[in-house]
Amino acid sequence: MPLVNLAVVLVSPKTPGNIGSAARAMLNMGARDLRLVAPRCDHLDSQAVAMAVHAADLLREARVYPTLREALADRDLSVGTSARIRADLPAPRHPAQVRPLVRAASAPALVFGPEETGLVNSDLEQCQVTVRVPTGDYASLNLAQAVLLVCYEFLQAQDEVPASERKTATREEMEAMYGHLHQTMHLIGYTDAVRARHTLRLWRAMLDRALMSSAESRLFRGLLRQVEWKVRDAARCGTVEGKAAPADETALD
Ligand SMILES: C[S@@+](CC[C@H](N)C(=O)[O-])C[C@H]1O[C@@H](n2cnc3c(N)ncnc32)[C@H](O)[C@@H]1O
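Residues numbered from 1 in each chain as written. Predicted model: local features only at pLDDT ≥ 70, side-chain atom pairs only at ≥ 80, totals over all residues. Heavy atoms only, no water.

J.: Sorry, what's going on with the site of the ligand here?
T.: Among the 21 residues in the neighbourhood of the ligand, the closest are listed as T81, R84, V133, A139 and L141. One of the backbone nitrogen or oxygen atoms of E116 is found 3.2 Å away from a nitrogen atom of the ligand. Coverage of the ligand by the protein chains reaches 92% of its 560 Å² of free accessible surface. Taken together, the residues of the shell around the ligand sort by class into 10 nonpolar, 7 polar and 4 charged. (Near = heavy atom within 4 Å. Polar contact = N/O pair within 3.5 Å; in protein donor to acceptor, adjacent residues only side chain to side chain. Areas by Shrake-Rupley, 256 points an atom, 1.4 Å probe, with all protein chains shown as cover. Nonpolar A, V, L, I, M, F, W, Y, C, P; charged D, E, K, R; others polar.)

Structure representation (structure tokens):
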């Protein structure tokens, strides 16, 4: 079965040959949707076309985005990839461990980083999960080889069970929800400008694990709207019902 609706996102790739080889690897695994975020070279360069071989159409059809957020907006699962383990982010998983997530998704994306540096933390924060292909001591795979291996793993997952009918929230809906959560946290004094990023990161990791549906993300935002309304109404009337939570109950970070 081909990887019907999988998008492969290359963030800021530098070398045309790598983009062409990545396109070839995608076609090998049955994926066709290539997305480039702020590429640093021409993806239709002759070297890219030569390395793509029969996948040159994927290069011609590739879409270019200014930001990762825009490239992921219509996706319901985004999986980051990294050769490195980062101290300040959740540990990456073995690719086989994300099979249940892949099976639940109807519009997944795989995100790969630039050749020299890999994805930065703010890119990985936009992914529900990060995977790392186990290797020998030298962990850094060539970009196209990483695309081939991780797409292969996705293919195995999709082959096991047909895609679910459940409508998982898109990344655009989830990002809008996180923006709303951020705003509400500030309004109620749950966090401040210094701690906000870290606090939100903890909440994002927890809520991303829930694989919310569109309806559930709207339900959550309904709760946030009610909190906002209540706080503003109390401020208008000069009363606040109930007590604020003790500091140690809210201080997760
Ligand atoms: C050449 S690597 C970048 C290496 C970079 N020095 C780093 O430490 O992340 C280019 C991209 O291939 C993917 N990649 C390379 N090795 C990987 C591995 N072992 N597991 C998962 N992805 C890998 C990642 O997307 C990475 O950003």
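Having seen it, we continue.
J.: Could you clarify how one ought to interpret the confidence of the model for the protein in this entry?
T.: As a note on interpretation, predicted positions should not be read in detail where pLDDT is low. Of the residues in the protein, 89% reach a pLDDT of 70 or more, and the chain-wide mean stands at 88. Residue range residues 242-253 is modelled with pLDDT below 50. Its contacts to residues more than four positions away, or to other chains, number 9 contacts. (pLDDT = per-residue confidence, 0-100. Contact = heavy atoms within 4.5 Å.)

J.: Help me out: how do you make sense of helix α8 (residues 171-187) in this one?
T.: Note that an α-helix has 3.6 residues per turn; residues three or four places apart therefore point the same way. Between the first and last C-alpha of α8 there are 24 Å, a value that for 17 residues agrees with the 24 Å anticipated at 1.5 Å per step. Every buried residue of α8 is listed here: R171, M174, E175, M177, Y178, H180, L181, T184 and M185. Structurally, α8 contributes buried residues whose contacts are with α4 (68-72), β4 (77-81), α9 (196-209) and α10 (214-237). In the stretch just after α8, G189 is the one whose phi turns positive, near 75 degrees. (Helix = DSSP H or I, 4+ residues; strand = E, 2+ residues; numbered from the N terminus. Expected span 1.5 Å × (residues − 1). Buried < 20%, exposed > 50% of the residue type's maximum accessible area, 1.4 Å probe, protein only.)

J.: Whenever I open this one, the side chain of Q126 confuses me. Can you help?
T.: Relative to the assigned elements, Q126 resides in the loop between α6 (121-124) and β6 (129-131). Once residues lying within four places of it in the same chain are set aside, the contact partners of Q126 are L68, R69, L72, S78, R171, E175 and R204.

J.: Teacher, can you tell me more about the pairing of strand β1 (residues 7-11) here?
T.: For a regular strand, side-chain orientation follows a simple rule: the groups alternate between the two sheet faces. Within β1, 5 of the 5 residues are buried, which leaves it mostly tucked inside the rest of the structure. The alternating pattern of β1 places A7, V9 and V11 and V8 and L10 on opposite faces, both of which are buried. The pairing of β1 with strand β2 (residues 33-37) spans 5 bridges and is classified as parallel. Its bridge partner lying in β2, A7 is registered against D33. This β-α-β element, β1 to helix α1 (residues 16-29) to β2, shows right-handed connectivity. Pairing of β1 with strand β5 (residues 108-112), which is carried by 4 bridges, proceeds in the parallel orientation. Looking at β5, one finds that L10 is bridged to F112. (Pairing = 2+ DSSP bridges. Right-handed = clockwise from strand over helix to strand, strands pointing away.)

J.: Before we go on, may I ask you to explain the nonpolar core in this structure?
T.: Grouped burial of nonpolar side chains is what soluble globular proteins tend to show. Membership of the largest hydrophobic core comes to 40 residues, with the highest contact counts inside it found for V8, L10, L34, L110, F112, V147 and F154. Counting residues per element, this core draws most heavily on helix α7 (residues 143-160), at 9 residues. With 14 residues, the next largest nonpolar core counts V9, V11, Y65 and L124 among its residues. (Core = buried A, V, L, I, M, F, W, Y, C linked by side-chain atoms within 4.5 Å.)

J.: What is the right way to read the pairing of β4 from this model?
T.: In terms of burial, β4 is largely enclosed, as 5 of its 5 residues are buried. Of the two faces of β4, the one lined by L77, V79 and T81 and the one lined by S78 and G80 are each fully buried. What joins β4 to β5 is helix α5 (residues 99-104), and the crossover it makes is right-handed. With 3 bridges joining them, β4 and β6 adopt parallel strand pairing. Directly across from G80, in β6, lies its bridge partner T130.

J.: Explanation requested: the packing of aromatic side chains in the structure shown.
T.: Here the distance between the centres and the angle between the planes together describe a pair of aromatic rings. Going through the model one piece at a time under the given rule, you end up with 1 aromatic pair. Relative to W203, the ring of Y190 lies with its centre 6.4 Å away and its plane at 75 degrees, an arrangement referred to as edge-to-face. Highlighted residues: Y190 in the loop between α8 and α9 and W203 in helix α9, separated in sequence by 13 residues. For Y190, a relative accessible area of 14% gives the class buried. Classification of W203 as partly exposed rests on a relative accessible area of 21%. (Phe/Tyr/Trp six-rings, centres within 6.5 Å; stacked < 30°, edge-to-face > 60°.)

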